[in-house]
Amino acid sequence: MIEEKMANNSTLDSVFSNRTRQNSSQPSPFTEIRENPLKTYLLGIIISICGNFLISISLNIQKYAHMRQSQLGDSRPYYTSVLWWSGVVLMGLGELGNFAAYGFAPASLIAPLGCVSVIASAVISVVFLKETLRASDIVGGALAVVGTYLLVTFAPHTSTHITAHLVQRYAVSWQFLIYLFLEVIVFSILLYLYKRRNIKHITIVMLLVALLASLTVISVKAVSGMITESIKGDLQLTYPIFYVMVVVMVASCAFQIKGLSLTFSVLRFLNQAMKVFAATEVVPINFVFFTASAITAGIVFYQEFQGLALLNILMFLFGCLLSFIGVFLIARDRPKIKTENITFIAMGKIPGRKCKDKVQPEAKSNAYGSLAAKLMCNKPGPQDDS
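Fair warning: this is a prediction, and the values are worked out from it, not measured in the lab.

Draft legend 1. Layout of the overall build of the protein chain. The helix and strand tally for the protein chain stands at 15 helices and two strands. Split into buried and exposed, the 386 residues of the protein chain put 39% on the buried side. Looking at the protein chain as shown, the accessible area adds up to about 21900 Å², and 66% of this sits on carbon and sulfur atoms.

Draft legend 2. Main features of unusual backbone geometry. Its identity is not glycine, yet Asn198 carries a phi of approximately 60 degrees, on the positive side. Within the secondary structure layout, Asn198 lies in the loop between α9 (174-195) and α10 (202-232). The backbone of Gln303 sits at a positive phi, close to 50 degrees, despite the residue not being glycine. Within the secondary structure, Gln303 sits in the loop between α13 (279-300) and α14 (310-331). According to the relative accessible area criterion, Gln303 is partly exposed, its value standing at 25%.

Draft legend 3. Focus on the environment of Ile295. In this structure, Ile295 sits in helix α13. The class for Ile295 is buried, based on a relative accessible area of 8%. Each C-alpha atom, one on Ile295 and one on Ser108, is 4.2 Å from the other, the two residues being 187 residues apart in sequence. Those residues in contact with Ile295 that lie beyond four places of it in its chain are Ser108, Pro112, Phe316 and Cys320.

Draft legend 4. Structural detail: the confidence of the model for the protein chain. Summarising the model, the protein chain shows a mean pLDDT of 74, and 69% of its residues fall at 70 or more. Between residues 1-34, whose pLDDT stays under 50, and residues either more than four places distant or in other chains, the model counts eleven contacts.

Draft legend 5. Summary view of the pattern of salt bridges. Counting across every chain of the model gives two salt bridges. One salt bridge in this structure joins Glu229 and Lys232, with 3.8 Å as the shortest N-O distance. Residue Glu229 and its partner Lys232 are located together in helix α10, separated by three residues, close to a single helical turn. The exposure classification of Glu229 matches that of Lys232, with both residues buried.

Draft legend 6. A look at the packing of helix α7 (residues 135-154) against α14. For the pair α7 and α14, the least separation of the axes is 7 Å and the interaxial angle reads 155 degrees. Between α7 and α14, the angle is such that the two are roughly antiparallel. Considering the relative orientation of α7 and α14, their crossing is left-handed. Here the contact of α7 with α14 is built from residues that sort into 15 nonpolar, nine polar and one charged.

Draft legend 7. Fine view of the nonpolar core. Tyr102, Val167, Met226, Met245, Phe301 and Tyr302 are the most contacted members of the largest nonpolar core, which totals 28 residues. Listed by contribution, the elements that provide at least two residues to this core are α5 (107-110), α8 (164-171), α9, α10, α11 (240-257) and α13. Among the elements that take part in this core, α10 stands out by supplying six residues, more than any other. Residues within four places of Tyr302 in sequence aside, it is in contact with Ile162, Tyr170, Ile218, Lys221, Ala222 and Ala297. Counting 24 residues, the second largest nonpolar core, distinct from the first, contains Ala144, Ile295, Leu308 and Val327.

Draft legend 8. View of the packing of aromatic side chains. Within the structure shown, the criterion is met by nine aromatic pairs. Seen in terms of ring centroids, Phe287 and Phe324 are 5.7 Å apart; in terms of plane orientation they differ by 80 degrees. Their pairing is edge-to-face. Of this pair, Phe287 sits in helix α13 while Phe324 sits in helix α14; the two residues are 37 residues apart in sequence, bridging distant segments of the chain. Ring centres of Phe301 and Tyr302 lie 4.7 Å apart, and the angle between their planes is 70 degrees; on these two criteria the pair is classed as edge-to-face. Owing to a relative accessible area of 1%, Phe301 belongs among the buried residues under this scheme. Through successive ring pairs, a cluster of aromatic residues spans Tyr170, Phe176, Tyr179, Phe301 and Tyr302. Seen from the ring of Tyr302, Lys221 lies directly overhead, with NZ or CZ sitting 5.7 Å from the centre.

Draft legend 9. Spatial organisation of α14. End to end, α14 covers 32 Å across 22 residues, agreeing with the expected 32 Å (1.5 Å per residue, within 8%). The complete set of buried residues in α14 reads Phe316, Gly319, Cys320, Leu322, Ser323, Phe324, Gly326, Val327, Ile330 and Ala331.

Calculation notes
Residues numbered from 1 in each chain as written. Predicted model: local features only at pLDDT ≥ 70, side-chain atom pairs only at ≥ 80, totals over all residues. Heavy atoms only, no water. Helix = DSSP H or I, 4+ residues; strand = E, 2+ residues; numbered from the N terminus. Buried < 20%, exposed > 50% of the residue type's maximum accessible area, 1.4 Å probe, protein only. Areas by Shrake-Rupley, 256 points an atom, 1.4 Å probe, with all protein chains shown as cover. Contact = heavy atoms within 4.5 Å. pLDDT = per-residue confidence, 0-100. Salt bridge = Lys/Arg side-chain N within 4 Å of Asp/Glu carboxyl O. Axes fitted to C-alpha atoms, helices over the stretch in contact; angles between N-to-C directions. Parallel < 35°, antiparallel > 145°, perpendicular 65-115°, else oblique. Left-handed = near helix turned anticlockwise from the far one by under 90°. Nonpolar A, V, L, I, M, F, W, Y, C, P; charged D, E, K, R; others polar. Core = buried A, V, L, I, M, F, W, Y, C linked by side-chain atoms within 4.5 Å. Phe/Tyr/Trp six-rings, centres within 6.5 Å; stacked < 30°, edge-to-face > 60°. Lys NZ or Arg CZ within 6 Å of the ring centre and 35° of its normal. Expected span 1.5 Å × (residues − 1).

Take a look at the structure:
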């Protein structure tokens, strides 16, 4: 009797397994991607490239919106422009693509692919915004393309499934704890120099941003990876570490972009850098520091270079170097956009005026296009009438 029950159970199990195999003969795209690491790797690269391309388009759309508003003498705030908001929406989609890419490819690869945004932005600005094409742009673009090829070719091709248990184990590993301790010390020293010693050098400002960016990369990859695993069927959103990483991600992003502080007054690191320093300085330095911090975070926290051949590591670093040089050449001394109906008048050439400075009408003022308010700054003296 017992043997008959066992036989029946084995028969049912075999029937159930046969039906399961028949039902799974056409696996879902997520299952196929999960079982093929190469497809997962390529999917992350494609999503990242598309996201960076959207970001470059959005930046040029916002730039064009500011240009057009300045030329038309529109005194309304820039955020009332529909064109500007369309650029913001595209940037959001691009950043969302980068966020999703971290769930499929190594962080040490996704971060350097940000050079795609710089290359595409330079091409778009030349074609659509009529900026000047320089020899350094061509050389820089070629170096960045070669560097990107080396990055994709020699980066770690293994894609680890980011689960809550794995993130918890990485978070308490000795190498990450040492890295976090050193990062806190360096950040405190730089913050002291920035706030107390009032040293506003661009290197200090961008290092502050880069140190925060390393935490952003770690948390973004953890959150994106756990969401990806949940979509594939392995639910990870019930673990507390997921929400801890969400908090770290939001806080580190807020520190970088908005400059929020817990114990100090408002610190506008990235915005302050854009205000104090030229964009041609901020863009390449921020790219280099962010990429270096992201690669370091991927190596230390996610151990992405573990088991990678020495040749692959050297060629990957060489690809990063070429991308850095290419971005520097593209962003170096960018010429200003040629605009119409913006006139500079030398005050020294106006009869009866002593002022030798050049005056440009304020684009946001109601008197744009008229120099009447500016000319009142220096009335003619008796000797001027002769």
